[in-house]
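# Descriptive analysis of the structure
Residue-level listing of the chains:
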Amino acid sequence: MCKDVTLLMSEKKGIEIDYCPECRGIWLDRGELEKLLAAEEKVVNRKEEKEIETKQTPRKKESFLSEIFELFGD
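Please read all numbers here as calculations on a predicted model, not as lab measurements.

Basis of the calculations
Residues numbered from 1 in each chain as written. Predicted model: local features only at pLDDT ≥ 70, side-chain atom pairs only at ≥ 80, totals over all residues. Heavy atoms only, no water. Helix = DSSP H or I, 4+ residues; strand = E, 2+ residues; numbered from the N terminus. Buried < 20%, exposed > 50% of the residue type's maximum accessible area, 1.4 Å probe, protein only. Contact = heavy atoms within 4.5 Å. Pairing = 2+ DSSP bridges. Lys, Arg positive; Asp, Glu negative; His and termini not counted. Salt bridge = Lys/Arg side-chain N within 4 Å of Asp/Glu carboxyl O. Polar contact = N/O pair within 3.5 Å; in protein donor to acceptor, adjacent residues only side chain to side chain.

## Some words on the overall build of the protein chain
A count of helices and strands for the protein chain gives two helices and three strands. Each helix and strand of the protein chain, placed in order from N terminus to C terminus, yields the pattern β-β-β-α-α. Per-residue burial over the protein chain gives 11% buried out of 74 residues. Here the contacts in the protein chain between residues at least 6 apart in sequence split such that 2% fall between residues at least 24 apart.

This is the structure in structure tokens:
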């Protein structure tokens, strides 16, 4: 830990994060790590939902030949 440094405080989405301006180390109070993890989980879930929506959209047929070759695949 850096000596004789006053930690600074930053607030991100309602979570207070104390950090050292010299080494950029962070300190979290009780419960703040859980809040950060919950916020990250929400972001990940939104991204996964968007990927699922994208996969479910109907694909344009590539070509007549690709349809024929699908019949003979495997």
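This is not the end of the story, as more comes after the structure.
## Remarks on the pairing of strand 1 (residues 8–12)
Inspection of the sheet shows strand 1 paired to strand 2 (residues 15–19) by five bridges, in the antiparallel sense. Bridged to Lys 12 within strand 2 is Ile 15. Two successive antiparallel strands, strand 1 and strand 2, enclose a turn made up of two residues, where Lys 13 displays a positive phi of approximately 50°.

## What to know about the pairing of strand 2
Burial analysis of strand 2 places four of its five residues in the buried class, which makes it a mostly covered element. As paired elements, strand 2 and strand 3 (residues 26–27) share two bridges and run antiparallel to each other. Note that in strand 3 the partner of Tyr 19 across the bridge is Ile 26. Between strand 2 and strand 3, which follow one another and run antiparallel, lie six residues, and Arg 24 among them has a positive phi close to 65°.

## Looking at the side chain of Glu 32
Of note, Glu 32 is situated in helix 1 (residues 32–56). In this structure Glu 32 is buried but unpaired, with Lys 35 as the nearest side chain of opposite charge at 6.2 Å. A distance of 2.5 Å separates a polar side-chain atom of Glu 32 from the backbone nitrogen of Asp 29.

## With respect to the environment of Leu 33
Assignment of secondary structure puts Leu 33 in helix 1. Leu 33 gets classed as partly exposed once you look at its relative accessible area, which sits at 45%. For the pair formed by Leu 33 and Ile 15, sequence separation is 18 residues and the distance between their alpha carbons is 9.1 Å.

## Regarding the side chain of Asp 18
Here Asp 18 shows up in strand 2. Comment: no salt bridge for buried Asp 18; closest opposite-charge side chain is Lys 35, at 12 Å. If sequence neighbours within four positions are ignored, Asp 18 has contacts with Leu 7, Leu 8, Met 9, Gly 25, Ile 26, Trp 27 and Asp 29.

On their own, these measurements won't tell you what the molecule is for.
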